[in-house]
Amino acid sequence: MWHGAQELLLRVETSGPAVGLKGEVLGTGRVPCGPGSDGCAPDRGEYAELRRGRITGNGKVSQHEDGVGLTSRRFRRDSGGDAVPNRAPAEEAGTAAGRRAARWSGEERRAGGGARQEELKLNSSTFALTGDSSHNQAMVHWSGQNSSVILMLTKLFDFNLNSVTESSLWRSTDYGATYQKLNDKVGAKTILSYLYVSPNNKRKIMLLTDPEIESSLLISSDEGATYQKYRLNFYILSLLFHPEQEDWILAYSHDQKLYSSVEFGRRWQLVHEKVAPNRFYWSKMGLDKEPGLIHLETSISEGQALYVTCKLQNCTDANKGKPFPGYIDPNSLVVQDEYVFVQVSTAGRPVYYVSAKRDVFTPMKLPKYTLPKELHVISTDENRVVAAVQEWNQNETYNLYVSDTSGVYYTLALENVVSSMGLEGNVMVDLYEVAGIKGMFLANKKTDNQVKTYITYNRGRDWRLLQAPNRDLRGNSIHCVLPYCSLHLHLHVSANPYTSGNIASRESAPGIIVASGSIGSELTTSNVSVFITSDAGNTWRQIFDEEYAVLYLDQGGALVAIRHTPLPIRHLWLSFDEGRQWNKYSFSNTPLFVDGVLGEPGEETLIMTIFGHFSHRSEWQLVKIDFRSIFNRRCTEADYQTWHLHNQGEPCLMGVKRIYRKLKPTSRCVMGKTYSVTMTSAPCDCTEADFECDYGYERRTDGKCSPAFWFHPSSMSRSCTTGMTFLNSTGYRKVVSNNCTAGVIAEYTARRQHCPTQAPKGLHLVTSEGRLTATLGANVTFLVFLEEGDGARTSITVDFGDGHALTYSNVSSIEDGIKHIYRSVGIYRVTATGENSLGSETTTLFLHVTCQLEHIHLSAPFVAVRNKEVNLTAVLHPSQVGTVTYIWWIGNNTEQPVITLEGSVACTFSREGINTVTVQVSAGNAILQDRKTIAVHEYFRSHLLAFSSNLDEHNPDVAEWRLDVSRVIRNALIQATGVREDLLLVTVLPGLPTAAEFFLLPDKQLTEGKPEKSSTHLDQLSELLLTALNQNLVQFTLRPGVQVTVYAAHLSAAPLVDTSENHSGSAMLMLLSVVVAGLAVFVIYKFKRSQASTSMRRCRTTKNQK
C-alpha cells in the first residue's frame, strides 16, 4: 500500500522451496512502483531488492497472486521458514505513513533510567559502491552455508522508459567488508535485470539480462566468481525451482509458454503452451508417482481450462494425465502440499473440489448456507486445510473454516477476519501463525466496526483477547480491563523474508513475539508502540513507544532494533534479555539514510550489513557490523532454563504438555550455529476442549455442539452397505494434530455402527459437468448419487428419454457415471429411479440436446402492400438446433423488439417507404443475425424473371452476390426500356436455379394516386418491359466471356394491388412461401410497444409448419 513518493519497495523472489536466502532485509524507497511495472521485478529470482529511501516499515503483503476464482492466499506469518509461497510474485511494499520524529529522550531512558551513558560502539566497517550513485535499485544475496560471499546487483531503472538502463554486479568474500565490481566478468556492456539463486545449492547463481538489449542467462557455479553466458529464445517472466533437484527449473514466458531445464538453465525445452500464469507446480515426493511430474493449468477457451499433469521432458498428448474429469474455471488450480484444489462454476455459482493425497476429487463441503463469493486456501499444514471464505453478506471480512484431514468437510473457526488488498489486487487475511509453537495463531477480527486482536492455542478451536501490559515504558500503571480494553496488534508481515513487517517470531526462539500495536478498545494506526511477549502471548511488555524494526540475532539469543525514521541515523539498540533492557550502540560515525538491513543467514552468525546512503545522490554505503566483540563467551548448559508453555495457566495445549529449553534472560553469551531448540512433551488426558464441532454441527452458547437446522445426521451414512459399518459422528471431532489420549476420547469420538437398512432417499441425478445442455452426437455422462439407503442393494434405472433405458444392480456399479449419446436435437426428460425391498425414489432431469447454429436467413418480401399482412420467417441451418429464441426489430421502430419462440411473425406496415427488419436468433452460446429491407407501397406490379443457364454456374448463393446482380439486372432493364429508375425495383431470389423478380411502381404525379390511372400506367410499363424481355433485348456481362440473357418467366403478371378487400396480396407473397420446421406453439413475449410514430401497426406470430 503506497503512502508517498519517499517510500521504498522491497522485494524478494519467493519461489517456494526455491526461496532459501537466510537473511533479513528492511528497506524503503525513493520511487513508488505500481503493479505490473517491470521495475517492480515481477516474478523474479531469489533475492532481496531495496531502493533508496528510509526505513518506514509497516509492510503489508500477500504471499500469492491472481484473484479470479479459487486461489491460494497465504496468511500473515513469520518471514522465515516454510511460510514462503511456492511462487514468485513477491513485489509488495514495506511502507508506513506519517512516522513521528525521533524522541531521543525515550532512547536515553532505554539506556538506563534516564541517565546518559557513555556511547557504546560496534565493530563496523563501511564500503562505498563507487560509480553507482545514480542506481536506484539493488538486489542482495547472502548464500550462507558457512560462506562469506555476498552478491549485490545494483540497477538504474528508468521509469519513463520502463526498463533498466544501467547495472553493476558486486561481490564480497569477507561478509561485506569489501566488494569487487564484476562488470568486466559478465560483459562491460551487459545490462543485468535480475538475480536468481538455486535453493538447493547456494553456490549456483543465475543472472538474467535485460531483454530489451539481449535475452541471455549468465550462470555461475562458484558463488558468482565466474560466469558463462547462454542465449535465450524466449523472455522469462518467472522461474520455479524444483524443491530437491538443484538443476531442475521451470520458466514461464511472456507468451504463456512453459519451459523446463534440467541443466540449471543451460538448455531449455518447451513443456506446454497456453499455460495459465502462476498455475504450474512441481510434483511432491511421496505423493506423485515420479519426481519429474509437473502439475499445470492450460487454457482451452475464455471460460474453460484443463488441469493436466506432464512429464518433465516428455509432455506429449500420450503422456499427459487429466486428474480432474472435465473443464475447470480459469486460474483456479492450486497444488499445495498433499492437496489439489480446482473450481467449476455451474449456473453462475462456483463449486470447489479438493483431492487429498492425489486421490479422486470431491466437492468441498462447507456449511450449507455459506454461499461463498470467494474462497481462498490459506494453509494446508498439518494435514488439514484452512480456507478464508467471503460469504454472500460480507464485503471486507472473511470467515475462517478448517477442514478434516480429507480436506472435504469444513467447520467455522472464526468469523469476520479483517482482510485488505495488495498492490496486485490480491487478498491478504489478518491471520498470523506463530513460529515455534504448534497450533498458535493471532487474528484480527472485526466486531461492531471495531478491529480486535484474538489469540488461539488450539488451531482456532478457542479464541481470546490479548491482555494488555500492566505498565507502560515509564513505569506508569495501565488501566485496561478485558473485554472492554485489550492489546491489539498489526499482523502485517512481508513476503520478502528479509523485510521487517509489524510482527515477528522465530522457530529458534519459541515464545518470543515482537509486534507493533496499540492498547484500547480497538486496533488503531495512531499512537503505535512496539510490544514483546516472552511467554507465548500470556503477558506482554511495551519496549518502544514508537515504531522500530526488530531483528533476531544469534537465533533469538539477542534482539536488534532499528528505528523507523525519515532522518539519517547512526545508532541501533541491542537487548540480551528478551527485550527487558536495551542498550544503544553506534554503528557509523556519520548518520546514514538506511535503505535496508541484511541480517545474518538463519540467525546463525553475528554479522549484519546495513545498506544506505549519506545523501540522496551519494553512492550506496554498505556498513558491515560484527557483533562478536560484544559477546564475551559461548553459552554453556548453565545458561539455559526450562520454560513451560501454557495458556493462562493451562499447560495442556493441543493435547500435550510442552517444556522448552531456553536461554536465561540474564545470560549474555553466544548460542552459535549448533544450537537447536529442545522440547519435551507428555500427553494429556482428552477433555472437551480438545474437540471441535464436526461438520454440520454448531457450537451453542453453552459450548456444546448440536446439529445445524439444515443438517440431517443420518445423511452421513449414505454410502453405507447393509452388513457393513460406518462412523456415526457424536457431533465432535478431535482438533487436527491434537495428541491427547484417554480421558473423554471415547465419549467424543465418532462411533462405529452397523449400517441401517432403509429405503432409498435423497436420489440425485446430474451430468458430470453440472450442465443441463448437451451437444448432439457427443457422450453425456450422468452421475447418480444416493444420500440415504443401502447402496449395494438398491438398483438404479436410468431412462434417457429417447426410448433407451439402462438398469444397474447397485449404486456402486455406476460410480464412474453412465454414458449416453443422443442422436436427435430436443428436450429430453431423463429419470433415475432407485429401488430396494423397502421402497423406491425417482428424480428427474430435463436435458437440452442441441447442435451448433451455423447460419440463418431472413425470408421477407422485397416489396409489401401498405396495410396488408406479410410473413417474416427466419430460416435456420441446420434446421434443428434445439431451443431457440428469436428477437425481432420490425419497421423503423428500433428500440422495442419482439421476442418469440417461433421462427415466423406476420406484420403489417401502415406507411409507404423503406422499412428495415432485423432478426437475431439465440441458440445455446450462439447469436446470429440477418437483416432485410422492405419497400412498402400502395400499388405495384411484379413479374418473375429467368436467366440463361450459364448464370447458375457463377451463383455462389450468398446475399452480397444477389444484391450486386440485382443492381446489374435493374440497370440492364432500364437501358433496354428507358423506364425511370425510381419506378423499377429488382431482387434476385435465394437458391438455384437463379430467379429474380421485378417490381413496377406507378408515377404518383402522373396517376394522382388514383387506382384507375395507376392500373393503366402500370400496364403500359409492364408491357414495355415484357416486350423487351421476350425479344431477348435485356442482357448483361457478368464477367469477360460470360454474357447472360434475362427472360420473362412463363407466368402472367400479378394483378393490380390496392387496399380493397377484393384484391390479393403481391405476386411475391403468392409465389414465395418459406416452409420451415419449428417448435410447437410457445408463449410469445413482447415488450411494451409505443404506439406513437411507428410504421408497424400490427404484428403476430405464425406457427412453423413441419
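Fair warning: this is a prediction, and the values are worked out from it, not measured in the lab. (Residues numbered from 1 in each chain as written. Predicted model: local features only at pLDDT ≥ 70, side-chain atom pairs only at ≥ 80, totals over all residues. Heavy atoms only, no water.)

## Description of the overall build of the protein chain
For the protein chain, the count of helices and strands is 7 helices and 80 strands. Within the protein chain, the fraction of its 1106 residues that count as buried is 57%. As presented, the protein chain carries roughly 46,100 Å² of accessible surface, and 49% of it is formed by carbon and sulfur atoms. (Helix = DSSP H or I, 4+ residues; strand = E, 2+ residues; numbered from the N terminus. Buried < 20%, exposed > 50% of the residue type's maximum accessible area, 1.4 Å probe, protein only. Areas by Shrake-Rupley, 256 points an atom, 1.4 Å probe, with all protein chains shown as cover.)

## Description of the pattern of salt bridges
It is possible for side chains bearing opposite charge to pair when their charged atoms get close. Here the structure, examined in full by the defined rule, presents 31 salt bridges. In this structure, Lys181 and Asp132 form a salt bridge, with 3.9 Å as the shortest nitrogen-oxygen distance. Of this pair, Lys181 sits in strand E11 (residues 180-181) while Asp132 is found in the loop between strand E7 (123-128) and strand E8 (137-142), placing the two residues 49 residues apart along the sequence. What makes Asp132 buried here is its relative accessible area of 1%. The partner of Lys446 in a salt bridge is Glu396, and the shortest N-O contact between them spans 3.7 Å. Linking Lys446 in strand E33 (residues 441-447) with Glu396 in the loop between strand E28 (386-391) and strand E29 (397-403), this pair joins segments that are 50 residues apart in sequence. (Salt bridge = Lys/Arg side-chain N within 4 Å of Asp/Glu carboxyl O.)

## Remarks on the pairing of strand E47 (residues 621-626)
Across the 6 residues of E47, 6 count as buried, placing the element largely inside the fold. Burial of the side chains of E47 extends over both faces: Gln621, Val623 and Ile625 are buried on one face and Leu622, Lys624 and Asp626 on the other. Pairing between E7 and E47: 6 bridges, direction antiparallel. Each bridged residue has a counterpart across the sheet, and for Thr126 the counterpart in E47 is Val623. In terms of strand pairing, strand E46 (residues 607-613) meets E47 through 6 bridges, oriented antiparallel. (Pairing = 2+ DSSP bridges.)

## Details of unusual backbone geometry
A cis amide bond, omega 0 degrees, links Leu482 with the succeeding residue Pro483. The topology assignment puts Pro483 in the loop between strand E35 (464-465) and strand E36 (486-489). That bond from Leu992 to Pro993 is cis: its omega, 0 degrees, falls within 30 degrees of zero. Locating Pro993 in the fold gives a position in the loop between strand E75 (984-989) and strand E76 (995-1000). Of note, Gln555 is a non-glycine position whose phi angle comes to about 55 degrees, a positive value. Tracing the backbone shows Gln555 in the loop between strand E41 (548-553) and strand E42 (558-563). Of note, Glu578 is a non-glycine position whose phi angle comes to about 60 degrees, a positive value.

## Remarks on the state of the cysteines
Applying the stated criterion across every chain yields a total of 6 disulfides. One disulfide in the model links Cys693 with Cys705; its S-S distance is 2.0 Å. Judged by the sign of its S-S torsion, about -85 degrees, the bond between Cys693 and Cys705 is left-handed. In this pair, Cys693 sits in strand E52 (residues 691-693) while Cys705 sits in strand E54 (residues 705-707), placing the two residues 12 residues apart along the sequence. (Disulfide = S-S within 2.5 Å.)

## As for a nonpolar patch on the surface
A cluster of nonpolar side chains, Tyr369, Leu371, Trp392 and Phe709, forms an exposed patch at the surface whose accessible area comes to about 500 Å². Inspection of the secondary structure puts Trp392 in the loop between E28 and E29. (Patch = residues over 30% accessible without salt bridge, like charges linked within 9 Å, V, L, I, M, F, W, Y side chains within 5 Å.)

## Some thoughts on the sheet that holds strand E20 (residues 275-282)
Read from one edge to the other, the open sheet built from 3 strands follows the order E20-E21-E22, with strand pairing classed as antiparallel. What marks the edges here is a single partner per strand, and that holds for E20 and strand E22 (304-311). Between one strand axis and the next, the sheet turns by 25 degrees as a mean value, whatever way the strands run. Sheet analysis places E20 next to strand E21 (residues 293-301), joined by 4 bridges and oriented antiparallel. Pairing of Phe280 across the sheet is with Leu296, part of E21. (Axes fitted to C-alpha atoms, helices over the stretch in contact; angles between N-to-C directions.)

## Overview of the sheet that holds E42
Spatially, 5 strands are ordered E6-E44-E43-E42-E41 in an open sheet, and the strand pairing comes out mixed. In this open sheet, the two edge strands, each paired with only one partner strand, are strand E6 (120-121) and E41. Across 2 bridges, E6 lies against strand E44 (residues 583-586) in parallel orientation. Note that in E44 the partner of Leu120 across the bridge is Tyr585.

## Structural notes on helix H6 (residues 1011-1030)
A rise of 1.5 Å per residue sets the reference length of H6, with its 20 residues, at 28 Å; its end C-alpha atoms lie 28 Å apart and thus fit the reference within 8%. All buried positions along H6 are accounted for by Ser1014, His1017, Leu1018, Leu1021, Ser1022, Leu1025, Leu1026, Ala1028 and Leu1029. Across the axial projection of H6, the buried residues extend over an arc of 160 degrees, all falling on one side. Across from the buried face of H6, at angles greater than 90 degrees, the exposed residues are Glu1012, Gln1020 and Asn1030. The inward-facing, buried residues of H6 abut strand E74 (941-947), helix H4 (959-977), E75, E76, helix H5 (1004-1007) and strand E78 (1042-1048). Phi for Asn1032, located one or two positions after H6, is positive at around 60 degrees. (Expected span 1.5 Å × (residues − 1). Arc of directions from axis to C-beta. Contact = heavy atoms within 4.5 Å.)

## What to know about the confidence of the model for the protein chain
Summary statistics for the protein chain give a mean pLDDT of 79 and a share of 81% for residues scoring 70 or more. With pLDDT under 50 throughout, residues 1-48 is counted as low confidence; its partners more than four residues away or in other chains account for 262 contacts. Confidence drops under pLDDT 50 across residues 1052-1098; counting only partners more than four residues distant or on other chains, this segment forms 117 contacts. (pLDDT = per-residue confidence, 0-100.)

## Remarks on the environment of Glu546
Along the chain, Glu546 falls in the loop between strand E40 (541-544) and E41. Relative accessible area serves as the criterion here: at 5%, Glu546 is assigned to the buried category. Separated by 30 residues in the primary sequence, Glu546 and Ser516 have C-alpha atoms spaced 8.7 Å apart.

## Regarding the packing of aromatic side chains
Tallied over the full model, the rule gives 29 aromatic pairs. Residues Phe544 and Tyr548 carry aromatic rings whose centres are separated by 3.9 Å and whose planes lie at 15 degrees to one another, so their mutual orientation is stacked. Taken together, the ring pairs in this structure connect Tyr409, Tyr695, Tyr697, Trp710 and Phe711 into an aromatic cluster. In this arrangement the basic side chain of Lys155 is found over the ring face of Tyr194, its NZ or CZ atom lying 4.5 Å from the centre. Sitting over the face of the ring of Trp643, Lys662 holds its NZ or CZ atom 4.6 Å from the ring centroid. (Phe/Tyr/Trp six-rings, centres within 6.5 Å; stacked < 30°, edge-to-face > 60°. Lys NZ or Arg CZ within 6 Å of the ring centre and 35° of its normal.)

## So, H4
Across its 19 residues, H4 extends 27 Å between first and last C-alpha, which sits within 8% of the 27 Å expected from 1.5 Å per residue. For H4, the complete set of buried residues consists of Trp961, Arg962, Val965, Ser966, Ile969, Ala972, Leu973, Ile974 and Thr977. Against strand E66 (855-859), E74, E75, E76, H6 and strand E77 (1035-1039) lie the buried residues of H4. Positive phi shows up at Gly978, right after H4, with a value of about 80 degrees.

## With respect to the pairing of strand E12 (residues 192-197)
The buried count for E12 comes to 6 of 6 residues, which makes it a mostly enclosed element. Relative to strand E13 (residues 205-209), E12 runs antiparallel, the two being bridged by 5 bridges. Looking at E13, one finds that Val197 is bridged to Ile205.

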